[in-house]
Amino acid sequence: MKFKNIVIPVVAIAVALIFGAIIIAVMGLDPLLAYESLVQGAFGSVYGVTTTLAKATPLIFTGLSFALAKKTGLLNIGAEGQLYMGGLCSVLVAAYLPPMPMILHLSLEILAGFTGGGLWGLLAGWLKVRFGSSEIITTVMLNYTAMFFIAYMVNGPIIEPPGNLPQSKPIPPSAIFPSLIPNTQLHLGFAIAILMAVFYYIFLWHTRKGYEARVVGLNPEAATYAGMNKNRLVFLIMFLAGGLGGLAGSSEILGIQHRLFQAFSPGYGYDGIAVALLGLNSPIGTVLAAILFGALRSGGDMMQMVAHVPLAIIYVIQALVIMFVAAEYLFRRFGGFKQRAAKLLKGAGKHESV
Amino acid sequence: MSLSNLASTLSSFINTDIQTAMPIMLAATGMVFSERAGLVNIGIEGVMLMGAFTGVAASFLLGSAWLSLLVVIIIGGILGLFFTFLVETARADQVVIGMAFNLLGLGLTTMLNRALFGMNTAPPKIESFTPLHIPVLSDLPFIGTAFFQHSSLTYIAFVLIPLVGFIVFKTNAGLNLRAVGEHPRAADTVGINVIKVRYIAGMVSCMFGAVGGAYLSMSQLNFFTENMTAGRGFIALAAVIFGKWSPWGVLGAALLFGAGNAVSYLIQASNSQIPGQLVLMVPYVLTLAALAGFVGRAVGPAASGKPYIKE
């Protein structure tokens, strides 16, 4: 990653935090105390750090999901739906298969989650290739379809007997993601997420298919000219991106919730878009951006408690970060304007000296 | 069930359908403008939410429903200006900015709602749009309940449908609008100011979206709750596509999707065995089917989603 590239996200975060501080101050609260308690809550203790990483885990998956599709020139807005389908498939394997050794159980449910999300992503890829439907719209529609499908499942077919609450039965101990550090929320899912970031790097930069994906993303015409099969690549990438989205659901259900219920994601799929954007679609950047957003969420509780700033401020900060990063063209143009102005002034100075 | 019972159930069902359809229809009608101009705004959900809150807050502070509607329209216009600035002038990705709008809407309204009304208190009494009593018509059996016991905002929304249809398909301005969405370069060549058209379309669509949100909080209901739009912006997006980017199509789609909602309420209320969640899924599945060409082909404007860069 070039230094020049890192400047924009860092500036965007700084400016968003300043705007956030202004809003907090306008509400008559103390912005310094708010941010201090936010940082304290997110990083000030072992509990804080592990919670931050636990909250970052689903965002790493959904961030990589969006980033992988984006690298191929596809906009996967569907991580939210893929997450729900992944969660569902994992729970079906986790809670409804006969008892088996832990290692086998864990492998099967992870595979199920990846496949469930992957097929949901593949559906959008198929609609694009077969009918030319924009994946932006189809993935949005598939998100809501998946969300209501999960709601239906936990209200009917897989409701926990006797059926008082709309949720599945709990998953057995052999299916639960083990903790990485005992007595914390940090679970196996985080390790898998980091592993996926590594795979993401290897796939895109060290495999033939990954190379083709990047070429298609950069210049679709050149890819066609070079004889690459674009359609098959769309299938592959939407399956893989969907699978990553699915793992976000698996890890949240198997690592944190331990059962399926409706609307279990507070928008992790959509947050992944911001994470990938802020991380410039690079594996390290995506992981770091996910940890930042995880910190906002885990420190937010402390901020609300100590500084009485509503947790909702983190949505505002997140939105502002996205806007500033996405509008980087404006920064560049403004930067260019400054350079031109400097040149002009220099020229004017010369003129005067003559 | 006797015949008169059935008639009264049906008429109140139509009444509920129209009310649930209105926020979706208003937002979707506005999106006919922006989509036709080549703007994809998936942030309309956030715009609706901000409209819903602005309506309640302004009515609470100003004490007038009509004045607050004016404030809602102004706020909608500002949001549209901001959106178009980001995606056209700053050339940011429309989808990404749309997502940011949704987050911004959720965050700002939740915070401001708590700042203005406090937490866990009963919602304040506000001036809202109550059903009008039209002499004779409202008292008609069946038809009265179904069609003539609505708020003034509902009738205005219905009048907007032919008006928007006329503007988009029968006027020069509408022709320019569609040209900009189909082939901006060609439109530019014949002297249409592409950027200006997109700014206007973006602002108008967000005004409609904000009013759609305000309908929810000031006519269908008369209070604001956190995240009360609950995905209606996305249903509106589906309605635009299912309605083939025309206001009449949008009207049909919104009434159909609204009926789906009304049916799912009925199911939940009657404790029936039919799963309401599957009914709620229908609008999205239908739209997917339309996109795939199973229910009439849905093909959007060609230049959707890309900023126009003059050469």
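In case you missed it, the structure is sitting above this.
Definitions and cut-offs
For every chain, the first residue of the written sequence is number 1, and numbering continues from 1 along that sequence. Lettering of chains starts at A and numbering of ligands starts at 1, both following the order in which they are written. Predicted model: local features are reported for residues with pLDDT of at least 70 only, side-chain atom pairs are reported and counted for 80 or more only, and whole-chain, interface and lining totals are derived from all residues. Only hydrogens and water are set aside when side-chain values are computed; all heavy atoms of the structure are taken into account. Here, a salt bridge means any side-chain nitrogen of Lys or Arg that lies within 4 Å of a carboxyl oxygen of Asp or Glu. Each helix is a run of DSSP H or I of at least 4 residues and each strand a run of E of at least 2, with the numbering of both proceeding from the N terminus. Under the scheme applied here, a residue whose accessible area is under 20% of the maximum for its type counts as buried, over 50% as exposed, and between as partly exposed, the area being computed with a 1.4 Å probe on protein chains only. To qualify as a nonpolar core, a set must consist of buried Ala, Val, Leu, Ile, Met, Phe, Trp, Tyr and Cys residues joined through side-chain atoms within 4.5 Å. Between two residues, a contact is recorded if the distance between any of their heavy atoms is within 4.5 Å. Buried area: the accessible area, evaluated with a 1.4 Å probe, that two parts lose upon being put together, summed over both parts. For this analysis, a polar contact is any N or O atom pair within 3.5 Å, provided that within protein one partner can donate a hydrogen and the other can accept it, and provided that sequence-adjacent residues contribute only side-chain to side-chain pairs. Any residue outside Ala, Val, Leu, Ile, Met, Phe, Trp, Tyr, Cys, Pro, Asp, Glu, Lys and Arg is labelled polar, Gly included; the first ten of those are nonpolar and the last four are charged. Patches here are clusters of residues that have more than 30% relative accessible area and form no salt bridge, with a 9 Å joining cutoff for like charges and a 5 Å cutoff for nonpolar side chains (Val, Leu, Ile, Met, Phe, Trp, Tyr). The method behind every accessible area is Shrake-Rupley, applied with a 1.4 Å probe, and residues are considered shielded solely by the protein chains displayed.

Attention now goes to the pattern of salt bridges. According to the stated counting rule, one finds seven salt bridges over all chains in the structure shown. Its salt-bridge partner being R208(A), residue E212(A) comes within 3.6 Å of it at the nearest N-O pair. With E212(A) and R208(A) both in helix α8 (residues 208-218), this residue pair falls four residues apart, about one helical turn. Across the pair E88(B) and R198(B) runs a salt bridge whose closest N-O atoms are separated by 2.9 Å. Of the two residues, E88(B) sits in helix α3 (residues 65-89) while R198(B) sits in helix α9 (residues 194-220), which places them 110 residues apart along the sequence. Residue E88(B) shares its accessibility class with R198(B), and that shared class is buried. Connected via shared salt-bridge partners are R208(A), K209(A) and E212(A).

Moving on, we come to the environment of A230(B). All names here are of chain B. Inspection of the secondary structure assignment puts A230 in the loop between α9 and α10 (232-242). With a relative accessible area of 57%, A230 lands in the exposed category. Remark: the alpha-carbon pair of A230 and L280, spanning 50 residues in sequence, is separated by 12 Å.

For the rest of this paragraph, the subject is the nonpolar core. If you look at the biggest cluster of nonpolar residues, it comprises 198 residues, and the most contacted ones within it are I77(A), L260(A) and I97(B). Apart from the residues lying within four places of it in its own chain, the contact partners of L260(A) are G87(A), L88(A), V91(A), I150(A), V154(A), I158(A), Q167(A), S168(A) and I253(A).

As a further point, take the interface of chain B and chain A. If you look at the interface, chain B gives 42 residues, while chain A gives 39 residues. Carbon and sulfur atoms make up 84% of the area that chain B and chain A hide from each other, which totals about 3,700 Å². Seen at the junction of chain B and chain A, the total is zero salt bridges. The interface formed by chain B and chain A holds one residue pair in polar contact (both at pLDDT 80 or more) in total. The biggest single contributor to the side of chain B that touches chain A is helix α4 (residues 94-117) of chain B, with 15 residues. Taken together, the residues that form the side of chain B that touches chain A break down as 32 nonpolar, six polar and four charged.

On to unusual backbone geometry, then. Here P161(A) and P162(A) are connected by a cis peptide whose omega angle stands at 5 degrees. Of note, P162(A) is situated in the loop between α6 (135-155) and α7 (188-206). One non-glycine residue, A230(B), adopts positive backbone phi at about 45 degrees.

What follows concerns the side chain of T110(B). Its location among the elements puts T110(B) in helix α4. By relative accessible area, which is 7% here, T110(B) ends up buried.

Residues and elements named next belong to chain B. Judged by side-chain polarity, F60, L61, L62, L67, L70, I74, I78 and L116 come together as a nonpolar surface patch covering roughly 750 Å² of accessible area. Mapped onto the nonpolar patch, the elements with two or more residues apiece are α2 (44-62) and α3. In terms of residue count, α3 provides more of the nonpolar patch than any other element does, four residues in total. Here L70 lies in helix α3. On the basis of relative accessible area, L70 is assigned to the partly exposed category, the value being 48%.

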